[in-house]
Amino acid sequence: MSPSTLRLGVNVDHVATIRNARGGRHPDPVRAAKLAIAAGCDGITAHLREDRRHIRDDDMARLKAEISKPLNFEMAATDEMVAIALKTCPHAACLVPEKRTERTTEGGLDAAGQRKHLAPAVLALKQAGIRVSLFIAATQGQIEAAAELGAPVIEIHTGAWCDALTEGKAAQAKTEWDLIKSGAELAQSFGLEVHAGHGLDYASAETIAALPQVMELNIGHFLIGEAVFEGLDETVKLMRAAMDRGRKKANA
Ligand code: PXP
């Protein structure tokens, strides 16, 4: 684990997206995961989608067998995915929405509206010793629902905040940031571990790293895209450095 208290999880989905554009085996997401680990990340995330649009079943099995850091299995709360997760036995499982009806208006999992649907999946994964996190918007209702469901971890959906930053919508970015900040505080008051992700780049990762409640950032698209120009090793190191700069502000 990195000396920093803030972990970096690298999402390798989009290495598989590029591979699948042509079929075959290249580029291999497992090779990318090993490179990211060698460059200093703390874990690997991969999302096995119901349509297998990027990560495939054998990628997930190979990640579990071959990487030396914790695997975070992103998945929908379906019987099929729960069965694969129980077989794979990853360190963690992050439940995410895949269907429109499972989403909140903010894009995260509708933990508040989907309690009955989510409860058996949370329980089965927890009983298998897998650390369950729920990918939710940082609203009070969603955080309370996550706590009631007994998930030990939430991952705050940072997509709306990152979009507002990218589009230069300062007022909206401030509203989204205030929600993330107060949500992280509320979640910690419930004893939940707080992660965050979606749409993060160097600047937004540095900013959110300053929130002391946030223990892990999961980042994919920007890192894999930037790796085209800088190489994955350099990109992971630059992200780690950005997070460490932000974290210093939290500890200052
Ligand atoms: N965390 C979760 C739960 C996600 O679903 C995703 C997107 O797959 C990410 C983090 C990473 O988002 P991005 O690829 O935009 O960095």
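Structure: above.
A. A look at the packing of aromatic side chains. What the rule picks out here adds up to two aromatic pairs. Consider the rings of Trp 161 and Trp 177, whose centres lie 5.0 Å apart with planes at 35 degrees: the pair is tilted. In this pair, Trp 161 sits in helix H7 (residues 159-166) while Trp 177 sits in helix H8 (residues 170-189), placing the two residues 16 residues apart along the sequence. Taking the relative accessible area as the measure of exposure, Trp 161 reaches 3% and is therefore buried. On the basis of relative accessible area, Trp 177 is assigned to the buried category, the value being 18%.

B. Broad picture of the pairing of strand S7 (residues 193-197). Taken across its five residues, S7 has five buried, putting it largely inside the fold. Burial of S7 is two-sided: the residues Glu 193, His 195 and Gly 197 facing one way and the residues Val 194 and Ala 196 facing the other way are all buried. Summarising the sheet, strand S6 (residues 153-157) and S7 pair through five bridges and their orientation is parallel. Within the sheet, the bridge partner assigned to Glu 155 lies in S7 and is His 195.

C. Main features of the site of the ligand. Lining the immediate surroundings of the ligand are 13 residues, of which Glu 74, Glu 155, Gly 199, Gly 220 and His 221 lie closest. One of the backbone N or O atoms of Gly 220 is found 2.8 Å from an oxygen atom in the ligand. At 2.8 Å from an oxygen atom of the ligand is found a main-chain nitrogen or oxygen belonging to His 221. Protein contact buries 91% of the 390 Å² of open area that the ligand shows by itself. Taken together, the residues that form the shell around the ligand break down as four nonpolar, six polar and three charged.

D. Focus on the pattern of salt bridges. With the rule as written, the count across this model stands at 20 salt bridges. Residues Arg 62 and Asp 28 are paired through a salt bridge, measuring 2.8 Å at the closest nitrogen-oxygen approach. Pair noted here: Arg 62 is in helix H3 (residues 57-66) and Asp 28 is in the loop between helix H1 (13-22) and helix H2 (29-38), with a separation of 34 residues, a long-range link. You can call Arg 62 partly exposed: its relative accessible area is 26%.

E. Region of the structure containing the layout of surface pockets. Of the pockets and cavities examined, the largest pocket occupies roughly 850 Å³. Along the walls of the largest pocket sit 36 residues, with His 14, Phe 135, His 157, His 198 and Gly 199 positioned nearest its centre. Among the secondary structure elements, those contributing two or more residues to the lining of the largest pocket are H1, strand S2 (43-47), S6, H7, helix H9 (202-208), strand S8 (214-219) and helix H10 (221-230). Sorting elements by how many residues they give to the lining of the largest pocket places H7 first, with six residues.

F. Representation of the environment of Gly 141. Within the fold, Gly 141 resides in helix H6 (residues 140-149). Exposure remark for Gly 141: the relative accessible area of 35% places this residue in the partly exposed category. In this structure, the C-alpha to C-alpha distance between Gly 141 and Ala 112, residues 29 residues apart in sequence, is 6.4 Å.

G. Expanded view of the side chain of Asn 11. Note on placement: Asn 11 falls in strand S1 (residues 7-11). On the basis of relative accessible area, Asn 11 is assigned to the buried category, the value being 10%. At a separation of 2.8 Å, a polar atom in the side chain of Asn 11 contacts the main-chain amide nitrogen of Asp 13.

H. Molecular detail of the state of the cysteines. For the structure shown, the criterion picks out zero disulfides. Cysteine Cys 89 remains unbridged, with the sulfur of Cys 94 as its closest cysteine sulfur at 17 Å. Under the relative-accessibility criterion, Cys 89 is labelled partly exposed at 36%. No disulfide involves Cys 94; its sulfur sits 16 Å from the nearest other cysteine sulfur, which is in Cys 162. By relative accessible area, which is 1% here, Cys 94 ends up buried.

I. Here's a closer look at the packing of helix H5 (residues 115-127) against H6. Contact geometry of H5 with H6 gives a least axis separation of 10 Å together with a crossing angle of 45 degrees. In terms of their interaxial angle, H5 and H6 are classed as oblique. Where H5 crosses over H6, the handedness of that crossing is right-handed. Contact residues: H5 offers Arg 115, Leu 118, Ala 119 and Val 122, while H6 offers Ala 145, Glu 148 and Leu 149. Residues belonging to the contact of H5 with H6 are distributed by class as follows: five nonpolar, no polar and two charged.

Here is what the cut-offs are and how they apply
Residues numbered from 1 in each chain as written. Predicted model: local features only at pLDDT ≥ 70, side-chain atom pairs only at ≥ 80, totals over all residues. Heavy atoms only, no water. Phe/Tyr/Trp six-rings, centres within 6.5 Å; stacked < 30°, edge-to-face > 60°. Helix = DSSP H or I, 4+ residues; strand = E, 2+ residues; numbered from the N terminus. Buried < 20%, exposed > 50% of the residue type's maximum accessible area, 1.4 Å probe, protein only. Pairing = 2+ DSSP bridges. Near = heavy atom within 4 Å. Polar contact = N/O pair within 3.5 Å; in protein donor to acceptor, adjacent residues only side chain to side chain. Areas by Shrake-Rupley, 256 points an atom, 1.4 Å probe, with all protein chains shown as cover. Nonpolar A, V, L, I, M, F, W, Y, C, P; charged D, E, K, R; others polar. Salt bridge = Lys/Arg side-chain N within 4 Å of Asp/Glu carboxyl O. 1 Å grid on protein atoms, 1.4 Å probe; cavity = no way out; pocket = protein on both sides within 12 Å on 5 of 7 lines; lining within 4 Å. Points joined across faces, edges and corners; volume = space filled by probe spheres on them. Disulfide = S-S within 2.5 Å. Axes fitted to C-alpha atoms, helices over the stretch in contact; angles between N-to-C directions. Parallel < 35°, antiparallel > 145°, perpendicular 65-115°, else oblique. Left-handed = near helix turned anticlockwise from the far one by under 90°. Contact = heavy atoms within 4.5 Å.

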